[in-house]
Amino acid sequence: MRLIVIGAGGHAKVVVDAALARGISVVGAVAESGAVTDVGGVPVITDAAQVAADAFIVAVGDNRARAALFVEYAARGFVPAAVVHPSAIVATSAEIAPGAFIAAGAVVNPDARIGANVILNTGCTVDHDCVIGENAHVGPGANLCGGVSVGEGALIGVGACAMPRVAIGAWSVVGAGSAVTSDLPDGMVCVGVPSRPLHPVKDAT
Ligand SMILES: CC(C)(COP(=O)(O)OP(=O)(O)OC[C@H]1O[C@@H](n2cnc3c(N)ncnc32)[C@H](O)[C@@H]1OP(=O)(O)O)[C@@H](O)C(=O)NCCC(=O)NCCS
């Protein structure tokens with residue numbers, strides 16, 4: 001596989017590092033401008049057409065921006081590829097959709113389903129039977145108990161946790177360190193222990 005990474009910022013560094021550790025050939029990191037020249041030793045390009053590639057992953061932290069780029073590159077004929085850091089533990093029965101990124105130290109337990117273009121960030125845990133909707137982001141060190149549902153585009157902040165079988169709404173944001181003890185609605189910023197809706201999400205997550 002010849003992979004292009006869409007993005008050249010901090011999250012892209014992490015994705016490039018994981019892909020290289022996995023032995024994947026990363027042929028370029030696509031940035032909007034040429035201000036940065038390389039990401040982890042991979043040349044930065046400003047147009048994916050500058051290199052021969054057959055697969056892509058979007059390495060942009062913002063969920064709405066990542067979603068838009070995923071659609072754009074798929075429409076251009078590139079095939080989304082998942083990148084899983086070699087230190088991540090993924091159950092054989094877990095489903096990982098194309099374009100998902102699973103960072104170092106993450107754990108995905110049996111029968112979990114991870115949607116397209118999802119980020120499971122460093123050291124998070126996603127227990128059995130969880131369903132993570134496309135374009136969502138489970139932040140570093142977050143812990144999801146069994147059967148948790150995370151809606152499309154939701155962000156689970158660093159160190160947050162969710163009790164068994166709760167449902168977190170689409171495009172919602174769960175604040176850092178929050179404990180989700182009951183279902184949360186769509187499109188809301190939610191914080192605290194227990195996590196409660198604070199206000200609607202303004203725009204991008
Ligand atoms: C919740 C969050 C999105 C901020 O939302 P916001 O609407 O900008 O909130 P503000 O910073 O204006 O704070 C509003 C109130 O919520 C509180 N608050 C903010 N984040 C909180 C959190 N994680 N837990 C508890 N309370 C929090 C603030 O202290 C403030 O309280 P106050 O009104 O009593 O002073 C942000 O603080 C957060 O936790 N983001 C998660 C980021 C993250 O983990 N990303 C992963 C990247 S890898």
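Predicted, not measured: the structure shown is a model, and the values here were computed from it.

Asks: What should I look at first to understand the sheet that holds strand S5 (residues 55-58) in this one?
Replies: The pairing of strands in a sheet comes from backbone hydrogen bonds and takes either a parallel or an antiparallel form. Pairing in this open sheet of six strands is mixed, and the strands run S3-S4-S2-S1-S5-S6 from one edge to the other. Edge positions in the sheet fall to strand S3 (38-39) and strand S6 (79-80), since each of these pairs with one other strand and no more. As paired strands, strand S1 (residues 2-6) and S5 are joined by four bridges and run parallel to one another. Across the sheet, isoleucine 4 pairs through a bridge with phenylalanine 56, a residue of S5. Packed on one face of the sheet, helix H2 (residues 63-75) meets S1, S5 and S6 and runs near 165° to S5.

Asks: I tried to follow the site of the ligand on my own but got confused; where do I start?
Replies: Looking at the ligand, there are 14 residues lining it, with Gly139, Gly157, Val158, Gly175 and Ala176 nearest. Residues belonging to the shell around the ligand are distributed by class as follows: seven nonpolar, seven polar and no charged.

Asks: Sorry if this is basic, but what is going on with the nonpolar core here?
Replies: If you look at soluble globular proteins, the nonpolar side chains tend to sit buried side by side. Ranked by internal contacts, the top residues of the largest apolar core, which has 70 residues, are Leu3, Val5, Ile6, Val15, Ile102, Leu120 and Val138. Residue contributions to this core peak at six residues, all from helix H1 (residues 10-21). Per-domain counts for this core show at least three residues from each of domain 1 (2-80) and domain 2 (83-200).

Conventions used here
Numbering of residues begins from 1 in every chain and follows the order in which that chain's sequence is written. Note on the predicted model: pLDDT of at least 70 is required for a residue's local features to be given, and 80 or more for side-chain atom pairs to be given and counted; whole-chain, interface and lining totals, by contrast, use all residues. Between any two strands, at least two bridges found by DSSP are needed for them to pair. What counts as a helix is a DSSP run of H or I of at least four residues, what counts as a strand is a run of E of at least two, and both are numbered from the N terminus. By the convention adopted here, residues are in contact when the distance between their C-beta atoms, placed from the backbone, does not exceed 7 Å. Lines fitted to C-alpha atoms define the axes here, with helix axes fitted over just the stretch in contact, and angles between the N-to-C directions of these axes take values from 0 to 180 degrees. Residue proximity rests on one test: whether the C-beta atom, placed from the backbone, lies within 6 Å of the molecule or strand. Asp, Glu, Lys and Arg are counted as charged, while Ala, Val, Leu, Ile, Met, Phe, Trp, Tyr, Cys and Pro are counted as nonpolar; the rest, among them Gly, fall into the polar class. As used here, a nonpolar core is made of buried Ala, Val, Leu, Ile, Met, Phe, Trp, Tyr and Cys residues. They are joined through C-beta atoms within 7 Å. Burial in this document is a count-based property: other C-beta atoms within 10 Å of a residue's C-beta are tallied, and the residue is buried at 20 or more, exposed at 12 or fewer, or partly exposed in between, with C-beta positions derived from the backbone. Throughout, the edges of the domains are those of an automatic or database domain assignment.

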